[in-house]
Amino acid sequence: MDPARLNEVAVAAAKRLGADDAVALTVNNLEKMVRFANNSATVIKGIDEMELTVYLAKGKRRAIASTSNPLESNVKRFVGDLFASLKGLTVSDYVPLPSKAMKYRPNRERYDRKIQNLGEKLPDLAARAINASLKAGAKRSAGVIEASAVAYHILTSTGTQGADARTSITLNIRSFSENDASGHGLSCSADMAGFDPEEAGKRAGEAAKEMVDASEPEPGTYDVLLSPAVASNLIESVASAASAFSVDAGISYLADKVGKTVASEHLSLTDHGHTRGALGGRSFDDEGMPTRSTKLIDSGVLKGYLHNLTTAKKWKTETTGNAGFVTPHAWNLEVGRGDAKYAEMVREMKRGIVLTSNWYTRFKNYRTGEFSTVPRDGAYLVEGGEVVKSLKGMRLSDDLLRMFSSARMLSRNREWVEWWEVGTPTLCPWILVEGTKITRAYE
C-alpha cells in the first residue's frame, strides 16, 4: 500500500474510534548490505521493509505501537486493538498536538540516487576496502557495508502531513595481522562522493600491522587523544543526558546545569534535525513538529535540553523538534571544529595514549556520568610527543563532566561517525583530553 494511503487509513480509523489525537508515521527502508570475513563476501542481501507506527491519545492516556503488515484490513484492526489498550493504561502528562497543520516536502539534497541504485556493486566496494587493508599490512579483514535509502511519511489527526527521505552508506572494517593484532576503519557518508572504502581499509590494515607487538600499559593517569570514533561514542552519551526526559527521570549528569560550565571552552555541541552531509534525521519529528538545529553546549556552557511537546510544557519552553514517540532524542550531532592538526596534538602529549576505537562503554552512575570503556584495535603510547609503542588490554575510566571539561585541543579535521557503538550520526574531530585514568582491562 502507498505510505500516504496507509497513514490515511490509520488516522481515519483512530478518528472513528474517538481518539483525541493520532499520529501515523510510515517508514520505508530500502537497504542493501554485504558482510565479509576472511577477505571474502559471505552474505549479500537486500531489504525492502515498511513499518507503520501509530500514536493514540484519549483522556490523557497514550499508546504507541508498530506494525509491518501494510494491508488495509490489518491496519484498521491494529488501530482498533491499540485504541482498546488505552483503557488499561494510567493517565499521564499529556500535551495535545497543535491545532495548526503543517506540511513538509522532501529535501532532495539529502538523497543520493547513486546509493539507491548501487545494485550489485557492494561486493566491489568491500573488495576495495579489503585490498587496501591487505596492502597496508593486514592478513585478513571482516566487516559490513550497509547502504540505505529511507522514506518517511507522516499524517496527524490535526492535518499535519508530509514526507522526507534520506540516504546513507557506512563501512565498518576490522583487520587482523599476526598474534590477533587488530585495527579498525570506518567510512560513513550521506552520498557516494563522501564514501572512501580504501581509506577505511588502509587505516584498519596499518593499525593491525602496528599492533603486532602491543603490550599492556602501566596503570595511571594519561592524556588521551580520542579519535572521532571514540569521541563520538562518548558525545552521544552527553546528548542523551541533555534529553529533558533523562533530566526528569533523574538519570542525567546535566541536571540543574543549564547556563553553567559543563565542558572546556573549546567544546561546542549542536544537534541538527537535518543538515548538509548528515546521515540521519528528517524535517519533522514524531509529533509532526519541524526539526531544527539546537545548540546544546556553546564554548563549554550548557544552553538547554532537547524537548518534545510534553517536556517543553513542563519546562515552560518550546519544543526543540526532537520528539521520538517516547522520549526526546538527538538526530545528528556536530562537535565544533578546533584548529589543530593530528601531528600537533600528538606532539603536545608528554605522556599520553592515542585511542582509535572502543567498545563496551558502560555507566557506573548516569547521575554523575561515571563510566568506563574498553579501547581496542589501534592504541599507542606517546612519550615526549612521539609514538613509542602500541598498547592493548586496557580500560578507560572517567566521568563525562570531568573528561570534557579537560578537553584541551580539538582538530580542524572532522569525520562523520555512525556504527554499532554510535547510533546517532555524529560529526566529530579528534579531541585531546588531559588526566584520564587508565587501568589494565582485566584487573
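Structure's up top.
The present account deals with the structure reproduced in this document. Just so you know, the residues in each chain are numbered from 1, in the order the chain's sequence is written. Residues qualify for local features only when their pLDDT is at least 70, as the model is predicted, and side-chain atom pairs are given and counted only at 80 or more; totals for whole chains, interfaces and linings, by contrast, use all residues. Side-chain metrics in this entry use all non-hydrogen atoms of the structure; hydrogen atoms and water are not considered.

## A short note on the pairing of strand β10 (residues 293–298)
Inclusion rule: For two strands to pair, DSSP has to find at least two bridges joining them. To qualify as a helix, a DSSP run of H or I must reach at least 4 residues; to qualify as a strand, a run of E must reach at least 2; elements of each kind are numbered from the N terminus.
As judged from the four bridges shared by strand β9 (residues 269–272) and β10, these two strands associate in the antiparallel manner. In the strand pairing of β10, Leu269 is matched with Ile297. Counting the residues between successive antiparallel strands, the hairpin from β10 to strand β11 (residues 301–302) contains two residues, one of them, Ser299, with a positive phi of roughly 50°.

## Let's talk about the environment of Ala41
Applied cut-off: Each residue is placed in one exposure class: buried if its accessible area under a 1.4 Å probe, protein chains only, is under 20% of its type's maximum, exposed if it is over 50%, and partly exposed if it falls in between. Residue contacts are counted whenever heavy atoms from the two residues lie within 4.5 Å of one another.
Note that Ala41 resides in strand β2 (residues 40–58). Ala41 sits in the partly exposed class, given a relative accessible area of 44%. Ala41 sits 102 residues away from Gly143 along the chain, and the two C-alpha atoms are 9.3 Å apart. When sequence neighbours within four positions are dropped, the list of residues in contact with Ala41 reads Val34, Arg35 and Phe36.

## Re the pattern of salt bridges
Inclusion rule: What counts as a salt bridge is simple: a side-chain nitrogen of Lys or Arg found within 4 Å of a carboxyl oxygen of Asp or Glu.
Summed over the entire model, instances satisfying the criterion amount to 20 salt bridges. Among the salt bridges present, the one from Glu72 reaches Arg5, with a minimum N-O distance of 3.5 Å. Of this pair, Glu72 sits in helix α2 (residues 72–85) while Arg5 is found in helix α1 (residues 3–17), placing the two residues 67 residues apart along the sequence. Look at Arg5 and you get partly exposed, because its relative accessible area is 38%. Put simply, Arg408 and Asp223 hold a salt bridge, and the shortest N to O gap is 3.5 Å. Of the two residues, Arg408 is situated in strand β19 (residues 407–419) and Asp223 in strand β8 (residues 220–226); the sequence distance between them amounts to 185 residues. Exposure remark for Asp223: the relative accessible area of 16% places this residue in the buried category. A cluster of three or more residues bridged by salt bridges with shared partners is formed by Arg5, Glu8, Glu72 and Lys76.

## As for the packing of aromatic side chains
Rule in force here: Centre distance within 6.5 Å is the pairing criterion for rings of Phe, Tyr and Trp, where only the six-membered ring of Trp is used; planes under 30 degrees apart are then read as stacked, over 60 as edge-to-face, and the remainder as tilted. Geometrically, a charge over a ring is one whose NZ (Lys) or CZ (Arg) sits within 6 Å of the ring centre while staying within 35 degrees of the ring normal.
For the structure on display, the rule yields eight aromatic pairs. Considering the side-chain rings of Tyr305 and Trp315, the 5.2 Å spacing of their centres and the 75° angle between planes classify their relative orientation as edge-to-face. Note that Tyr305 is positioned in the loop between β11 and α8 (309–314) and Trp315 in the loop between α8 and β12 (332–335), a separation of ten residues in sequence. Of the aromatic side chains, those joined through ring pairs into one cluster are Phe363, Tyr366 and Phe371. A cation sits over an aromatic face here: Arg140 above Phe176, 4.6 Å from the ring centre.

## Considerations on unusual backbone geometry
Positioned with a positive phi, Asn38 is a non-glycine residue whose angle comes to about 50°. Examined against the element boundaries, Asn38 turns out to sit in the loop between β1 (21–37) and β2. Here the phi dihedral of Asp377 falls at roughly 60°; this positive angle occurs in a residue that is not glycine. Mapping Asp377 onto the fold places it in the loop between β15 (370–375) and β16 (379–383). For Asp377, a relative accessible area of 4% translates into the label buried.

## Quick look at the environment of Asn233
Quick note on the threshold: Two N or O atoms count as a polar contact when they lie within 3.5 Å, although within protein this holds only if one can serve as hydrogen donor and the other as acceptor, and sequence-adjacent residues are included solely when both atoms are side-chain atoms.
Mapping Asn233 onto the fold places it in helix α6 (residues 228–241). The spatial distance from the C-alpha of Asn233 to the C-alpha of Thr361 is 8.1 Å, given a sequence separation of 128 residues. Other than its neighbours up to four places away in sequence, Asn233 contacts Asn358, Thr361, Thr373, Glu421 and Val422. From its side chain, Asn233 meets the backbone oxygen of Glu421 in a polar contact 2.7 Å long.

## Topic: the state of the cysteines
Among covalent bonds in proteins, the disulfide is the one between the sulfur atoms of two cysteines. Threshold: Cysteine sulfurs are considered disulfide-paired once they come within 2.5 Å of each other.
The tally for this structure, following the rule as stated, stands at zero disulfides. Of the cysteine sulfurs around Cys188, a residue in no disulfide, the closest is that of Cys428, at 12 Å. Classification of Cys428 as buried rests on a relative accessible area of 0%.

## Comments concerning a nonpolar patch on the surface
Note the threshold: For patch detection, residues must exceed 30% relative accessible area and be free of salt bridges, and they are connected within 9 Å for like charges or within 5 Å for nonpolar side chains (Val, Leu, Ile, Met, Phe, Trp, Tyr). Residue exposure ignores everything except the shown protein chains as possible cover, and the areas themselves are Shrake-Rupley values with a 1.4 Å probe.
A contiguous nonpolar patch, built from Phe245, Ile251 and Tyr366 and spanning about 300 Å² of accessible area, is present on the exposed surface. For Phe245, the position within the fold is in helix α7 (residues 244–248). Of the residues examined, Phe245 reaches a relative accessible area of 40% and is grouped as partly exposed.

## A word on the nonpolar core
Let me state the cut-off plainly: What makes a nonpolar core is a set of buried Ala, Val, Leu, Ile, Met, Phe, Trp, Tyr and Cys residues whose side-chain atoms join them at distances within 4.5 Å.
Residues Leu226, Leu254, Ile297, Ile353, Phe404 and Ile431 are the most contacted members of the largest nonpolar core, which totals 46 residues. A total of seven residues in this core trace back to one element, the largest contributor, which is α6. Those residues in contact with Ile353, other than ones at most four positions away along the chain, are Tyr222, Asp223, Val224, Leu225, Tyr380, Leu381, Leu391, Met394 and Ile438.

## Let's talk about helix α4 (residues 122–136)
How we decide: Under the convention used throughout, the expected extent of a helix is 1.5 Å for every residue step, that is, one less than its residue count. In this description, the arc belongs to the directions extending from the helix axis to the C-beta atoms.
Compared with the 21 Å implied by 1.5 Å per residue over 15 residues, the 22 Å span of α4 between its first and last C-alpha is a close match. Every buried residue belonging to α4 is among Leu122, Leu125, Ala126, Ala129, Ile130, Ala132, Ser133 and Ala136, and all of these are buried. With its buried residues spanning 160° around the axis, α4 presents them on a single face. Residues Asp124 and Lys135 are exposed on α4 and point more than 90 degrees away from its buried face. Those residues of α4 hidden inside the fold are in contact with β1, β2, β5 (140–156), β6 (161–176) and α5 (197–210). Backbone geometry just downstream of α4 places Gly137 in the positive-phi region, at approximately 125°.

## Describing the pairing of strand β18 (residues 394–399)
Two elements, β15 and β18, share four bridges in a ladder whose sense is antiparallel. Paired with Phe371 across the two strands is Asp398, which belongs to β18. Relative to strand β20 (residues 422–440), β18 is paired through four bridges, and the arrangement is antiparallel. Directly across from Arg395, in β20, lies its bridge partner Thr439.

## Observations concerning the packing of α1 against α2
Basically, it comes down to this: Geometry is summarised by axes, namely lines fitted to C-alpha atoms with helices restricted to the contacting stretch, and by angles between N-to-C directions that run from 0 to 180 degrees. Each angle is binned into one of four classes, with values under 35 degrees roughly parallel, values over 145 roughly antiparallel, values of 65 to 115 roughly perpendicular, and all other values oblique. Left-handed is the label given to a crossing in which the near helix is rotated counterclockwise from the far helix by less than a right angle, and right-handed is the label when the rotation is clockwise. When residue character is reported, Ala, Val, Leu, Ile, Met, Phe, Trp, Tyr, Cys and Pro are called nonpolar, Asp, Glu, Lys and Arg charged, and the others, Gly included, polar.
Packing of α1 against α2 leaves a shortest axis separation of 9 Å and a crossing angle of 40°. By the angle between their directions, the pair α1 and α2 is classed as oblique. Where α1 crosses over α2, the two elements pack in a sense that is right-handed. Residues Arg5, Leu6, Val9, Ala10, Ala13, Ala14, Arg16 and Leu17 of α1 touch α2, and the partners they reach there are Glu72, Val75, Lys76, Val79, Gly80 and Phe83. A breakdown of the residues in the contact of α1 with α2 according to their chemical character gives nine nonpolar, one polar and four charged.

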